[in-house]
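What follows is the residue order along each chain.
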Amino acid sequence: MSTPKFARIFPTHSSRKRKNQLSDARTTRKEKPAGDENAPEVGRAETVVLRDSGDAYVSNRLGVEPRPVLGDVNRNQPQIEGISASATKLRRFSGAGIDPNAQPPAELNRRSWCFAECCQLNSLLSDVKCPECEAGHVTIRVGDSMGLSQELVLCCDSCQYSRTEYSSPRENNLNHRQNVPFEVNTEIVLYSHEIGSGYSSVDKLCTVFGMPAMNKSSYHRIEKRVNASIVEATDATLNETVEFVREAYRETFPQGRVNAVNDDGEEDGAWEDDDGILWVDVAFDGTWHKRGFSSHYGVGVVVDVLTGYVLDFCVKSTYCHTCAMNKEKLEGMTAAEQLQWKQLHQPDCSINHEGSAKSMERDAALELWGRSVERHNLRYRTMLSDGDSTAFNALAAAQPYGPTRPITNLECTNHLPKRMGTALRKASKDGRLGGRGEGRLTKEKCQRLQNYFRSAILNNLEDQRAMEQAIWATFFHVTSTDEDPHHDRCPAGPASWCFFQRARAEGQPPPPHAGHNGTALSREVSHAVLPIYRRMTNPILLKRVAHGKTQNSNESLHNVMWGHCPKEVFVGKDRVEAATAEAVAKFNRGNFALAQVMDHMSLPITELIHSALANKDKVRVQKAERATDVAAVAARRARCAGRQRQLEQREDQEGEVYGAGLMGDGGE
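Residues numbered from 1 in each chain as written. Predicted model: local features only at pLDDT ≥ 70, side-chain atom pairs only at ≥ 80, totals over all residues. Heavy atoms only, no water.

Undergrad: Outline the nonpolar core, supporting the account with residue identities and numerical values.
TA: The biggest cluster of nonpolar side chains holds 51 residues, and the ones touching the most others in it are Val301, Leu557 and Val576. Counting 31 residues, the second-largest nonpolar core is a separate cluster that includes Ala427, Leu441, Phe453 and Leu530. (Core = buried A, V, L, I, M, F, W, Y, C linked by side-chain atoms within 4.5 Å. Buried < 20%, exposed > 50% of the residue type's maximum accessible area, 1.4 Å probe, protein only.)

Rendered as structure tokens:
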């Protein structure tokens, strides 16, 4: 039997980067899109006055008064002044990891792990005499292995003296009555979860270092315990989170909150019912383990809008590995035997969804809203979503809180402009409005019009009427010509983004549109996109974005989640659930969520582990602070816009070089 080279191994900490997105959609840049010097400035508030004219383009729905659903949430964020939302969330969980100079608790275990090659150890012991004969020298011999824990035998080269220890201690867990796992085996499985991998990563690691690999069945047995421990630890984190959310609402709304609904269906200022159930505003979004809506697993997550904390999640599954492996066996059984087998397997079956992958988001919303009172003593009164599914329609029909407690639908201020861009690009393609030529609806113009639409929303969050006016002002600006100008709706004055209004304010004759309106649309194109603008300026739709909030927290959580469980790797429902729970715990309380899992599994938390986790949270806060800096945001967006322009210019110069069937039929 070959002697393994290494006597001890401990996995290093994962250095996976965390993506922290900007949480406030109203922090915007001040640059104009290239190629249109008179475009509406993004991030600059303008007062737009819509005059009464008989133009057929004007919407007759401008008299709706704004009524923000979230009340003062936009102006009273429960954050500690001067720090980011990430720092605020982490500080509520004992403050660990925020202060870089904080000393680790004295009760932490002071031991450490290291890579050690046996020849190096024997070289170190070359001058050590045998404690029994005092003549021979002692050496270390590696014996049998139990996973990554290996038997180390200290023996004398002159006598029969020997002493045996394993390279890893066993877990100090009183719940195990027999076959107590070695710490290193549990920790290597936990490490594979941290890097978003599985058994193959452990097997490759052992292969590279010439060590005996862990048995696959042993790995999956330990993985089952790790998955359960992660979910249980996250449940404890969510219970703490709910208490923090309650404190935040009390601090933010000491006198109550606007637009709450009482038992009689009337609005009052209460944010908490007499039975102690708290009304909260939440953002909901679904995500899938595979792309293309063919996934076996879907995840629904609820995030509190006020604090940014995740409140609850659920995993939907249409696949069970045990059922799939026993499919042929079941076909050979009688109906009675099949029924008996399914009844015995039902408690452990992973299938909890019947239907398509697209319906998982809807069913997840029904489950989360249906258990909010029982699980967390909360009622989700609003649903901030991207509008891509029928989840809200299903909730409105189900009435989980009764007919007197309706749920309000809100739109993400990032997704609504994207919907405008998608509609414009579809119209350009279906109506053949693109291509070269003056006034055509090109891809670049679609992006600019989408940016103008977003700017009009973000600059007029407090005034829904002004928001609609600003959107129509951009439409008439790009559809104006020298013969038929429509700039009366553009902001007036010498500082206006409209070249026509600037010239009028300075007493100069208006310059020609050809050289000053880089986003000009022809009459044919303007008639084709008019229905899109009418649909996207619906007062009901604009009212849903008056809050100014986004789903950035949900999107950021998805990034962390699939980092622990990549979409390219086939896994089971338990692994998806554990990855989601791990991401939720880290999202709420930081990297010290790993220490909570280790403590739950009776694994020692050493000084090195504590300092490493504290440093990761420190880096997370620093990145969040940089991400929320206005100048940094403007510079980043300018760089992205510059790269996009360069790419489009190169594609225009090269022409069509890649596409289906471009090579022809194969003839010369």
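Moving on, there is more to tell.
Undergrad: Lay out the sheet that holds strand 3 (residues 138-146) with the relevant residues and their values.
TA: Strand order in the open sheet formed by three strands is 3-4-5, with antiparallel pairing between adjacent strands. Both outer strands of the open sheet, strand 3 and strand 5 (162-166), are each paired with one neighbouring strand and no more. Strand-to-strand twist across the sheet, computed as the mean angle between neighbouring axes with direction ignored, equals 20°. Of the pairings in the sheet, the one linking strand 4 (residues 149-156) to strand 5 comprises five bridges and is antiparallel in character. Residue pairing for strand 5: Glu151 is matched across the bridge by Tyr166. (Pairing = 2+ DSSP bridges. Helix = DSSP H or I, 4+ residues; strand = E, 2+ residues; numbered from the N terminus. Axes fitted to C-alpha atoms, helices over the stretch in contact; angles between N-to-C directions.)

Undergrad: Talk me through helix 3 (residues 183-194); I want residue IDs and the actual numbers.
TA: Spanning twelve residues, helix 3 covers 16 Å between terminal C-alpha atoms, matching the ideal 16 Å at 1.5 Å per step. Among the twelve residues of helix 3, eleven are classified as buried, and the element is accordingly described as predominantly covered. A positive backbone phi angle near 75° is found at Gly196, which sits one or two residues after helix 3. (Expected span 1.5 Å × (residues − 1).)

Undergrad: Any chance you could break down the pattern of salt bridges for me, citing the residues and the numbers?
TA: For side chains of opposite charge, pairing can occur when their charged atoms come near one another. Evaluated as defined, the whole model comprises 19 salt bridges. Measuring nitrogen to oxygen at the nearest pair gives 3.2 Å for the salt bridge that ties Glu240 to Arg589. Residue Glu240 is found in helix 5 (residues 216-252), and its partner Arg589 is found in helix 19 (residues 573-589); the two are separated by 349 residues along the sequence. With relative accessibility at 32%, the residue Glu240 sits in the partly exposed group. Classification of Arg589 by relative accessible area gives buried; the value is 16%. The partner of Asp488 in a salt bridge is Arg504, with the nearest N and O atoms 3.8 Å apart. Taken together, the positions of Asp488 in the loop between helix 14 (464-478) and helix 15 (499-505) and Arg504 in helix 15 put the pair 16 residues apart, joining distant regions of the chain. Taking relative accessible area as the criterion, Asp488 reaches 33% and is therefore assigned partly exposed. On the basis of relative accessible area, Arg504 is assigned to the partly exposed category, the value being 46%. Each of the salt bridges in this network shares a partner with another, and the network as a whole consists of Asp312, Lys316, Glu367, Arg371 and Arg375. (Salt bridge = Lys/Arg side-chain N within 4 Å of Asp/Glu carboxyl O.)

Geometric descriptors of this kind do not, in isolation, establish any biological role.
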